[in-house]
Amino acid sequence: MLEQLLAKKSPQAEPDDAHGPALRRTLGPWGLTALGIGAVIGGGIFVITGVAAAEHAGPAIILSFVIAAICSVFTALCYAEFASLIPVSGSAYSYAYATLGEGAAWFIGWNLILEYGVSASAVAVSWTGYFVSLLDHIGIHIPPALTNAPLDFVDGHLVTTGALFNLPAVGITLALTWLCYVGIRESAGLNMAMVLLKTALIIVVIVVGASHIDTSHWHPFIPENQGGDKYGWPGILRGASMVFFAYIGFEATSTAAQESKNPQRDMPIGTLASLGICTVLYIAMAAVLTGLVPFSELDTAEPVVTAIRNHPELSWLRGIVEVGALIGLSSVVLVMIIAQPRIFMIMGRDGLMPKVFTTIHPKYRTPHINTVITGLGIALLAAVFPLNLLGDLTSMGTLVAFCAVCIGVLILRRTAPDVPRSFRVPFAPIMCTLGVLSCIFLLYSMGVRNWALMGVWTVVGVIVYFAYSYRHSRLRKQG
């Protein structure tokens, strides 16, 4: 059993059609960069920023973004090397299989469901807040029972809210699932358009809002700690673990390797460029929001609208923000629905998931069954669970995957030093070690509730692995 858990795949990519029809290669460096930006700019900049500032970091939420960005940079460099070395779909799962063995690969793949599937649910929930705000703006009102989750966490306890389910979140998820079903070209084209539009709108908000900043809102920049992780440096660090959710997605480019025209060259470009662009926009938006209103007022479902509403002279900007937020959040859900089925597909080809997950649509050349399953799962989670639970679970699963990628680069530098790499992490021993330590640092700042939920998720994954994946592993049958 131990031998099987430690069994590794070759780091050399297999042909696309080795296990069935190939996916369609249509993405270049700009398409991959847009895919990364599409996945990153969304729930973090439009929702989590306000909550983290109001409850934990205050104006120093800017420092929280910097800390989270540093952690992401270390990991992005490692993803870029892996993407140039192992240009197959599967992201951290494929990388872990080549370096850490099947047991670790399964654990990472299982946690990637948190990163892509659960994060899409969290962003869909965020989408509802701006959708309801936009409808209210034009005089249309949806009953709260149809725009809120029936469950919520209050003081560490799961309670009912009296709501039925989050209808708008379900609707946008199913609509984007259909788009992903019919093709990567159509999905990527729409994503590129949404990325260009939402980036332009965010820049407008930053430029216009900057001229109305009241610097007195930035004092004190680091509010005095009020116990636990409420303000002070503990609050900044807790804020960093929350806004880390905002950076999730830059590595989504690595799930589309088999749809990239030249993955060895284009994957590193897409990964690093998307992270760099998003970091600049995040820090600028955080500065503007905390400068427009007192940070304590940003704890709402639509903090950007809240900040603008306090300035009557900016009322013309509200509609633009609402539309921009809806576009931005939609593109995140879209990219996650693209990414998750491709993780399932690779795991299915390795025998760790049922064979049905490997099916490619004969006309659309997409993993259509996976896409439907993913979309329905995301819609269900978005319908019944609140943002705070979904966001923290997403961050934990992602940080675990990031640790594995950083460790994997170091392992392959020793076990396969001569394999060609079009991109190499500079000062790898230092960068990879700092990447692991920064991820562990952010994991440490997570609450007990999150660790308990992560433990339950891991136990379920272990049961699934030994009940099905262990016996059906293609690597085990070959051995």
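Being a predicted model, the structure only gives us computed values, none of them experimental.

**Description of the overall build of the protein**
And then number 1: Looking only at helices and strands, one finds 17 helices and 2 strands in the protein.
And then number 2: Against the compact-globule benchmark of 23 Å for 479 residues, the protein has a radius of gyration of 21 Å, which places it among compact chains.
And then number 3: Overall, the C-alpha framework of the protein stretches about 70 × 45 × 45 Å when taken along its three principal axes.
And then number 4: Within the protein, the fraction of its 479 residues that count as buried is 60%.
And then number 5: Total accessible area computed for the protein in this model is approximately 17,600 Å², and 70% of it derives from carbon and sulfur atoms.
And then number 6: Distance between charge centres in the protein, computed from 26 positive and 26 negative side chains, equals 14 Å.

**Notes on the layout of surface pockets**
And then number 1: Here the largest pocket is characterised by a volume of approximately 1,200 Å³.
And then number 2: For the largest pocket, the lining is made up of 43 residues, of which Val51, Asp152, Pro386, Leu387 and Asn388 are closest to its centre.
And then number 3: Going through the elements one at a time, helix H3 (43-57), helix H6 (102-137), strand S1 (151-154), helix H9 (232-247), helix H14 (387-415) and helix H16 (448-472) are the ones with two or more residues in the lining of the largest pocket.
And then number 4: With 7 residues, H6 is the largest single contributor of residues to the lining of the largest pocket.
And then number 5: Split into classes, the residues belonging to the lining of the largest pocket amount to 15 nonpolar, 17 polar and 11 charged.

**What to know about the nonpolar core**
And then number 1: Residues Phe46 and Tyr130 are the most contacted members of the largest nonpolar core, which totals 141 residues.
And then number 2: Sort the elements by how many residues they give to this core and helix H12 (residues 315-349) lands first, with 19 residues.

**A look at a nonpolar patch on the surface**
And then number 1: A cluster of nonpolar side chains, namely Phe427, Ile430, Leu434, Leu437 and Ile440, defines an oily patch on the protein surface of about 510 Å² accessible area.
And then number 2: Note that Leu437 resides in helix H15 (residues 428-444).

**Some points on the state of the cysteines**
And then number 1: In this structure the tally under the stated criterion is 0 disulfides.
And then number 2: With no disulfide of its own, Cys78 lies 3.6 Å from the sulfur of Cys432, the closest cysteine sulfur.
And then number 3: Left without a disulfide partner, Cys439 is nearest to the cysteine sulfur of Cys71, which lies 3.7 Å away.

**Some details on the pattern of salt bridges**
And then number 1: Applying the stated criterion across every chain yields a total of 4 salt bridges.
And then number 2: With a shortest N-O distance of 2.8 Å, Glu81 and Arg413 are connected by a salt bridge. Separated by 332 residues along the polypeptide, Glu81 in helix H4 (residues 61-85) and Arg413 in helix H14 bring together distant segments of the chain.
And then number 3: With a closest N to O distance of 3.8 Å, Asp350 and Arg474 form a salt bridge. Placement of Asp350 in the loop between H12 and helix H13 (368-384) and of Arg474 in helix H17 (residues 474-478) is noted, with a sequence separation of 124 residues between them.

**Topic: unusual backbone geometry**
And then number 1: In the segment running from His219 into Pro220, the intervening peptide bond is cis, with an omega of -5°.
And then number 2: Locating Pro220 in the fold gives a position in the loop between helix H8 (184-210) and H9.
And then number 3: Phi at Phe427 is positive, roughly 50°, even though this residue is not glycine.
And then number 4: Its location among the elements puts Phe427 in the loop between H14 and H15.

Rules of the game
Residues numbered from 1 in each chain as written. Predicted model: local features only at pLDDT ≥ 70, side-chain atom pairs only at ≥ 80, totals over all residues. Heavy atoms only, no water. Helix = DSSP H or I, 4+ residues; strand = E, 2+ residues; numbered from the N terminus. Rg over C-alpha atoms; globule rule 2.2 N^0.38 Å. Buried < 20%, exposed > 50% of the residue type's maximum accessible area, 1.4 Å probe, protein only. Areas by Shrake-Rupley, 256 points an atom, 1.4 Å probe, with all protein chains shown as cover. Lys, Arg positive; Asp, Glu negative; His and termini not counted. Charge placed at Lys NZ, Arg CZ, Asp CG, Glu CD. 1 Å grid on protein atoms, 1.4 Å probe; cavity = no way out; pocket = protein on both sides within 12 Å on 5 of 7 lines; lining within 4 Å. Points joined across faces, edges and corners; volume = space filled by probe spheres on them. Nonpolar A, V, L, I, M, F, W, Y, C, P; charged D, E, K, R; others polar. Core = buried A, V, L, I, M, F, W, Y, C linked by side-chain atoms within 4.5 Å. Patch = residues over 30% accessible without salt bridge, like charges linked within 9 Å, V, L, I, M, F, W, Y side chains within 5 Å. Salt bridge = Lys/Arg side-chain N within 4 Å of Asp/Glu carboxyl O. Disulfide = S-S within 2.5 Å.

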